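Listed below are the residues making up each chain.
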Amino acid sequence: MKTNRRTFIQGLGTGVVGAWASGSVVAAAPAPAVAASWPIFDAAHPAAFWRAVRASYPLLADPLYLNTGGIGPVAQPVLDQMIATMYQLQQHSETGHDLFEPARVTVAKFVGAQSREISFVRNATEGNCIIAGGLALTAGDEVIFESHAHPGGSFPWYNQAKLRGITVRLFEPDSTSPEANLARIRALITPRTKVIQVSHITCTTGLVMPVAAIARLAQSQGIWFHVDGAQAVGMIPVSLNELGCDSYAFSGHKWLGGPHETGVFYIRRDRLADVAPTYMGAHGAELPFLPGDLKYFDGTMRHEYGTRNAGLITGLAEAVRGQTLMGRERIAAHGRELATVLLTELSRIEGITVLTPRADDMRAAMTTIRHARVGAHKLFTYLLDEHRLRCRPVTEQGLEVVRISTHIFNSPADCERVINGVRAAARAL
Ligand SMILES: Cc1ncc(COP(=O)(O)O)c(C=O)c1O
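Residues numbered from 1 in each chain as written. Predicted model: local features only at pLDDT ≥ 70, side-chain atom pairs only at ≥ 80, totals over all residues.

Caption draft 1: Just the sheet that holds strand S12 (residues 392-394), in detail. Read across the open sheet, the four strands follow the order S9-S10-S13-S12; overall the sheet is antiparallel. Either end of the sheet is taken by a strand with one partner, and the two such strands are strand S9 (352-354) and S12. Looking at each pair of strands side by side, their axes are set apart by 35° on average, direction ignored. Here S9 pairs with strand S10 (residues 366-371) via three bridges, running antiparallel. Opposite Thr353, over in S10, you have Arg370 as the bridge partner. Lying over the sheet, helix H12 (residues 328-347) contacts S9, S10 and strand S13 (401-405), oriented at roughly 20° with respect to S10. Helix H13 (residues 376-387) contacts S10, S12 and S13 of the sheet and is inclined by roughly 45° relative to S13. (Pairing = 2+ DSSP bridges. Helix = DSSP H or I, 4+ residues; strand = E, 2+ residues; numbered from the N terminus. Axes fitted to C-alpha atoms, helices over the stretch in contact; angles between N-to-C directions. Contact = placed C-beta atoms within 7 Å.)

The following block contains the structure:
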């Protein structure tokens, strides 16, 4: 078989490397003898399905992992895809940039966007920075976001406050109703408000913001609406074109289970021209030779530039393919069911307060608790050292709480361990 560059690249994009690697031009990559495959749901054997899901992760059993909100582990098919792509690209010393396009189609479809509306970035923070730095803002212009924003969502704006003199206006998230959050945002709007940003799901208490309603509010006032979806995509189904925001950024390496250092950034088709690219280079514009008039690519991919690691991108596309096969709704329902058990049972423990909202439409798969007598670090350390539970201490905004993430590889038995551990913490600390 004669392998030219195109068939080589196509081979990498298929998800299984072995077929291409049997070509005579290059030695086969050391991919697993049998490529790992995704578990397929069988309604007759749901427990077997969830066991197979867990088994598809190389993630060790100890400590029990409950921090997908921090970083999501990858499943074996993602790891295989990523490593095989990187290995084969190195065998040819190719960058593999052509692999971005099929991956873009896969990811865009998954999040309900057109492929030219998304670009591959390194993390959600990078997408947030592109918006903060790229919108035409001047001194005194105002941006509204919630006080619980992650530094990856707030620092890009505080940086613009330093660089361009914009003003940050914060609202405290309200855990009682979506309408209350809408009202808090509305109350901060002034004639100088140029941007509203929210975390789709807050990293502190796992509160789900009413993003569609906020999009309508922002649109009615001619205000740019940006969503930091780092905690949302992969935890709950998200359809960007339906949501109505102007821009959205999310991590690949959390709930989607993509490789570390993957993120996706979306700008709605008709808003593309409003975001000036801060970085520009090869892959961002059509300009083979200088001098000339720089013509940006007609899509959000104009924000990609320079040499990248295509293995990360094919790994991310594989993670998306896996979630599609396992079922977006099923994944969301599983994480929520486990979180509901935690919310219910942990609320009953004396000395423990659950900060995650009760309302069904304001929570998903993260549960945050406060201990009456000790702070975040002490509770976190106790749960890890004494009960082998890897949660996440949350100290942002002086909250002093611990966050528990429940994803597809977690089980009801894991929840039992958490409940027992927290009960013990309430007694012992
Ligand atoms: C709401 C939110 N935004 C941004 C980030 C940063 O994500 P990344 O590391 O992908 O930039 C996080 C990480 O926890 C987050 O929870």
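Caption draft 2: Representation of the environment of Ala372 within the structure. With respect to the element layout, Ala372 can be found in the loop between S10 and H13. A residue is classified by how many C-beta atoms lie within 10 Å of it, and Ala372, with 10 of them, is exposed. Each C-alpha atom of the pair Ala372 and Ile352 lies 6.1 Å from the other, and the pair is 20 residues apart in sequence. (Buried ≥ 20, exposed ≤ 12 C-beta atoms within 10 Å, placed from the backbone.)

Caption draft 3: Expanded view of helix H5 (residues 100-110). Of the residues making up H5, those classed as buried are Phe100, Ala103, Arg104, Thr106, Val107, Ala108 and Phe110. Contacts made by the buried residues of H5 are with strand S2 (118-121), strand S8 (263-267) and helix H11 (310-326). Downstream of H5 by one or two residues, Gly112 has phi in the positive range, about 65°.

Caption draft 4: Structural view of the confidence of the model for the protein. Confidence in the prediction for the protein averages 92 pLDDT; 92% of positions are at 70 or higher. By mean pLDDT, the top-scoring element of the protein is strand S6 (residues 224-228) (99), and the lowest-scoring one is helix H2 (residues 18-21) (32). Per-residue pLDDT stays below 50 along residues 1-34; that stretch engages in 46 contacts with residues further than four places along the chain or on separate chains. (pLDDT = per-residue confidence, 0-100.)

Caption draft 5: Summary view of the domain arrangement of the protein. Along its sequence, the protein is carved into domain 1 (98-324) and domain 2 (328-428). Facing the 16 residues of domain 1 at the interface are 22 residues of domain 2. Residues that form the side of domain 1 that touches domain 2 fall into these classes: eight nonpolar, eight polar and no charged. (Domains from an automatic or database assignment. Nonpolar A, V, L, I, M, F, W, Y, C, P; charged D, E, K, R; others polar.)

Caption draft 6: The sheet that holds S8, seen in detail. Spatially, S2-S8-S7-S6-S5-S3-S4 is the arrangement adopted by the seven strands of the open sheet, whose pairing is mixed. In this open sheet, the two edge strands, each paired with only one partner strand, are S2 and strand S4 (167-171). Neighbour to neighbour, the strand axes of the sheet diverge by 20° on average, direction disregarded. Of the strand pairs in this sheet, S6 and strand S7 (residues 247-251) are connected by three bridges, and their pairing is parallel. Residue pairing across strands places His226 opposite Ser247, the latter belonging to S7. Its contacts with the sheet place helix H8 (residues 178-188) against strand S3 (142-146), S4 and strand S5 (193-199), and it is angled at close to 150° to S4.

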